[in-house]
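Descriptive analysis of the structure
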Amino acid sequence: QQPVQSPQAVILREGEDAVINCSSSKALYSVHWYRQKHGEAPVFLMILLKGGEQKGHEKISASFNEKKQQSSLYLTASQLSYSGTYFCGTSRQTGANNLFFGTGTRLTVIP
Amino acid sequence: ETGVTQSPTHLIKTRGQQVTLRCSSQSGHNTVSWYQQALGQGPQFIFQYYREEENGRGNFPPRFSGLQFPNYSSELNVNALELDDSALYLCASSRNTANTGELFFGEGSRLTVL
């Protein structure tokens with residue numbers, strides 16, 4: 001039930017854009033995005049619930065296509081602080097107790 | 001508001017030993033979830049505790065057990081340690097059990113089994 005993330009790694013220059021994808025073979029109720037910097041705790045970015053909504057968080061936004069069982073995270077005009085590993089976590093039903101996390105996408109932003 | 005704190009931050013054990021990891025949840029949170037994160041992998045759900053009872057368990061053997069206390073802090077116990085148990089153990093607290101809310105993670109306890 002672990003979602004698949006792509007790409008596995010990406011290197012950007014400051015100001016460039018990136019898209020990180022998360023797909024599941026099972027129907028999803030919610031998709032959660034977290035960022036983890038090396039040696040630190042994962043930090044919540046956003047949740048997308050069933051309904052195909054798109055959310056924004058400053059220059060980071062995400063979409064959720066429930067029919068395709070996919071979510072994408074969009075990072076625009078990247079900053080050095082965006083570097084880290086991005087994880088999507090998925091939940092298949094309302095009230096579920098746990099998330100299934102992907103293997104992560106390592107994003108490196110260079111000057 | 002105090003964040004999620006975990007202890008110890010690092011520890012080394014040998015095969016067959018037992019370990020206890022501790023977690024203090026964020027103020028106002030009654031739910032604690034434990035995840036195992038192997039190097040280069042995403043976190044894997046171990047179990048969740050809600051109001052001092054186990055409320056869901058992932059695909060981990062019974063030698064992984066836990067407790068939650070009246071103040072909502074929690075412990076993860078692992079018996080008969082194996083080399084594959086080497087990982088970062090993350091505790092996350094939340095306001096409720098449903099996965100429609102944010103998980104607040106601690107920085108983890110890094111366990112090395114030799």
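For the structure, see preceding data.
What comes next is a walk through the structure. (Residues numbered from 1 in each chain as written. Chains lettered and ligands numbered in written order. Predicted model: local features only at pLDDT ≥ 70, side-chain atom pairs only at ≥ 80, totals over all residues. Heavy atoms only, no water.)

1. A word on the packing of aromatic side chains
Following the criterion strictly, the structure yields nine aromatic pairs over all chains and no others. Ring centres of F101(A) and Y35(B) lie 5.6 Å apart, and the angle between their planes is 80 degrees; on these two criteria the pair is classed as edge-to-face. With F101(A) in strand β10 (residues 100–101) and Y35(B) in strand β4 (residues 31–37), this pair bridges two chains. With 6.4 Å between their ring centres and 65 degrees between their planes, F101(A) and F105(B) make a pair best called edge-to-face. Of this pair, F101(A) sits in strand β10 while F105(B) sits in strand β10 (residues 104–105), on two different chains. An identical accessibility class is assigned to F101(A) and F105(B); each is buried. In this structure an aromatic cluster arises from ring pairing among Y34(A), F44(A), F101(A), Y35(B), F45(B) and F105(B). (Phe/Tyr/Trp six-rings, centres within 6.5 Å; stacked < 30°, edge-to-face > 60°. Helix = DSSP H or I, 4+ residues; strand = E, 2+ residues; numbered from the N terminus. Buried < 20%, exposed > 50% of the residue type's maximum accessible area, 1.4 Å probe, protein only.)

2. What to know about the layout of surface pockets
Its volume calculated, the largest pocket comes out at about 650 Å³. Lining the largest pocket are 29 residues; nearest its centre among them are Q36(A), K37(A), H38(A), G39(A) and R110(B). Contributions of two or more residues to the lining of the largest pocket are made by β9 (84–91) and β11 (105–110) of chain A together with β1 (5–7) of chain B. In terms of residue class, the lining of the largest pocket is made up of six nonpolar, 18 polar and five charged. (1 Å grid on protein atoms, 1.4 Å probe; cavity = no way out; pocket = protein on both sides within 12 Å on 5 of 7 lines; lining within 4 Å. Points joined across faces, edges and corners; volume = space filled by probe spheres on them. Nonpolar A, V, L, I, M, F, W, Y, C, P; charged D, E, K, R; others polar.)

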